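Working through the structure, step by step
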Amino acid sequence: MCLHGGIFNTPLGYIDNLLGGGKMSAIIEQKKQQVQEIADKLTNSKTTILVDYRGLNVEQVTELRKQLREVGVEFKVYKNTMTRRAAEQAGFEQLNEVLVGPTAIAFSEEDAVAPAKVLGKFAKDNEALEIKGGIVEGNIATLDQIKELADLPSYEGLVSMFLSVIQAPIRNFAYVTKAVAEQKEEQGA
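Just so it is clear, the model here is predicted, and its values are computed rather than measured.

Rules used in this analysis
- All chains use their own residue numbering, which begins from 1 and follows the written sequence.
- With the structure being a predicted model, the display of local features is reserved for residues of pLDDT at least 70 and the display and counting of side-chain atom pairs for 80 or more, all residues being used for whole-chain, interface and lining totals.
- In computing side-chain values, all of the structure's heavy atoms are included and hydrogens and water are not.
- The criterion for strand pairing is that DSSP finds at least two bridges linking the strands in question.
- Numbering goes from the N terminus for both helices and strands, where a helix is a DSSP run of H or I of at least four residues and a strand is a run of E of at least two.
- Axis lines are fitted through C-alpha atoms, for helices just across the contact stretch, and the angle between N-to-C directions can take any value from 0 to 180 degrees.
- The criterion used for residue contact is that any of the two residues' heavy atoms lie within 4.5 Å.
- For every residue, the accessible area obtained with a 1.4 Å probe (protein chains only) is divided by the maximum for its type, and the residue is called buried under 20%, exposed over 50%, and partly exposed between those limits.
- Throughout, the arc means that of the directions going from the helix axis to the C-beta atoms.
- Pairing of aromatic rings covers Phe, Tyr and Trp, the last counted by its six-membered ring, and requires centre-to-centre distances within 6.5 Å; plane angles under 30 degrees mean stacked, over 60 mean edge-to-face, and any other angle means tilted.
- Pairs of N or O atoms are called polar contacts if they sit within 3.5 Å, as long as, within protein, a hydrogen donor faces a hydrogen acceptor (for residues adjacent in sequence, only side-chain-to-side-chain pairs).
- Orientation labels follow simple angle bins: below 35 degrees gives roughly parallel, above 145 gives roughly antiparallel, 65 to 115 gives roughly perpendicular, and whatever is left gives oblique.
- Only buried Ala, Val, Leu, Ile, Met, Phe, Trp, Tyr and Cys residues count toward a nonpolar core, and they belong to the same one when joined by side-chain atoms within 4.5 Å.

1. Some words on the sheet that holds strand β5 (residues 139-141)
On the basis of which strands lie adjacent, the open sheet formed by 5 strands has the order β2-β3-β1-β4-β5 and antiparallel pairing. On the outer flanks of this sheet lie β2 (74-77) and β5, each paired with one strand and no other. Pairs of neighbouring strands in the sheet enclose a mean axial angle of 20°, with direction left out of account. Of the pairings in the sheet, the one linking strand β1 (residues 47-52) to strand β3 (residues 104-108) comprises 5 bridges and is antiparallel in character. Its bridge partner being in β3, T48 is matched across the sheet by F107. Relative to the sheet, helix α5 (residues 114-125) contacts β1, β3 and β4 (130-136), its axis offset from that of β1 by approximately 20°.

Here it is in structure tokens:
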């Protein structure tokens, strides 16, 4: 019996849809797209941090999302199986060992420090949030590296520190010049 134009003269695609095959292929295609989306985010983000959010209530998760959104960080929850496939596709298969249990992912394409700072501070204030691992500038990061990143000063703080370092010699020169001028005044008087 030929299914293609056979018994009821029905096209193969129609029978495939009757048997549910059309739905299955659409679901598989959707999953492939999601894996590709995650892989792209893992590859394109300056920093990606994985966290276990078990134990946080709705209010806490909402507050965390708000804080992350304010600094331009995307925070999403994906199925671990999809994230594992994406990690392998992107060359970050080492992440698979931390993809156990509920996992949320913070992606930042603009600021390498922002997700670590927000999540680090939030984890200190809310013991239920656990940082599991991450990627920083294309490299798998240890928990210690993520914590160091979280402790860095903000961009504004770094600029302020840099400016004070640059201004220090000028300021010191001005103090010395003033002291010399005052000393000469005293000697001349």
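Okay, back to it.
2. Things to note about helix α6 (residues 143-151)
Restricting attention to buried positions, one finds in α6 the residues I146, L149 and A150. The buried side chains of α6 occupy one side of the element, clustering within an arc of 100° when seen end-on. Away from its buried face by more than 90 degrees, α6 exposes D144, K147, E148 and D151. Against β1, α5, β4 and β5 lie the buried residues of α6.

3. Topic: the packing of aromatic side chains
Counted by the stated rule, this structure contains 1 aromatic pair. Summarising the aromatic geometry, the rings of Y78 and F107 are spaced 6.5 Å apart at their centres and angled 70° between planes, so their arrangement reads as edge-to-face. Note that Y78 is positioned in the loop between β2 and α4 (80-90) and F107 in strand β3, a separation of 29 residues in sequence. Both residues of the pair, Y78 and F107, belong to the buried class.

4. Re the side chain of D52
Within the secondary structure layout, D52 lies in strand β1. Within the local environment of D52, its side chain forms a polar contact with the side chain of R54, the two groups lying 2.7 Å apart. Those residues in contact with D52 that sit more than four places away from it in its chain are P102, A128, L129, E130 and K132.

5. A closer look at the environment of V35
Along the chain, V35 falls in helix α2 (residues 21-44). A relative accessible area of 8% places V35 in the buried class. On a C-alpha basis, the gap between V35 and A86 in space is 5.0 Å, while along the polypeptide they are 51 residues apart. Setting aside anything within four residues of it in sequence, one finds V35 in contact with M82, R85, A86 and Q89.

6. Section: the packing of α5 against α6
A packed helix pair is summarised by two numbers, namely the angle formed by the two axes and the spacing between the axes. Across the interface, α5 lies against α6 with an axial gap of 8 Å and an inter-helix angle of 100°. One element, α5, and the other, α6, form an angle in the roughly perpendicular class. Here A116, K117, G120 and K124 of α5 come into contact with α6, specifically with I146, L149, A150 and D151.

7. Examining the nonpolar core
Counting 24 residues, the largest nonpolar core has I49, V51, L64, L68, F75, L119 and L129 as the members making the most contacts within it. Taken together, the elements giving at least two residues each to this core come down to β1, α3 (58-70), β3, α5, β4 and α6. When residues in this core are grouped by element, the largest group, 6 residues, is from α5. Ignoring sequence-local partners within four residues, the contact set of L129 consists of V51, D52, Y53, L56, L64, L119, F122 and A123. If you look at the next biggest cluster of nonpolar residues, it comprises 16 residues, including Y78, M82, A87 and L99.

Structural measurements only, silent on function.
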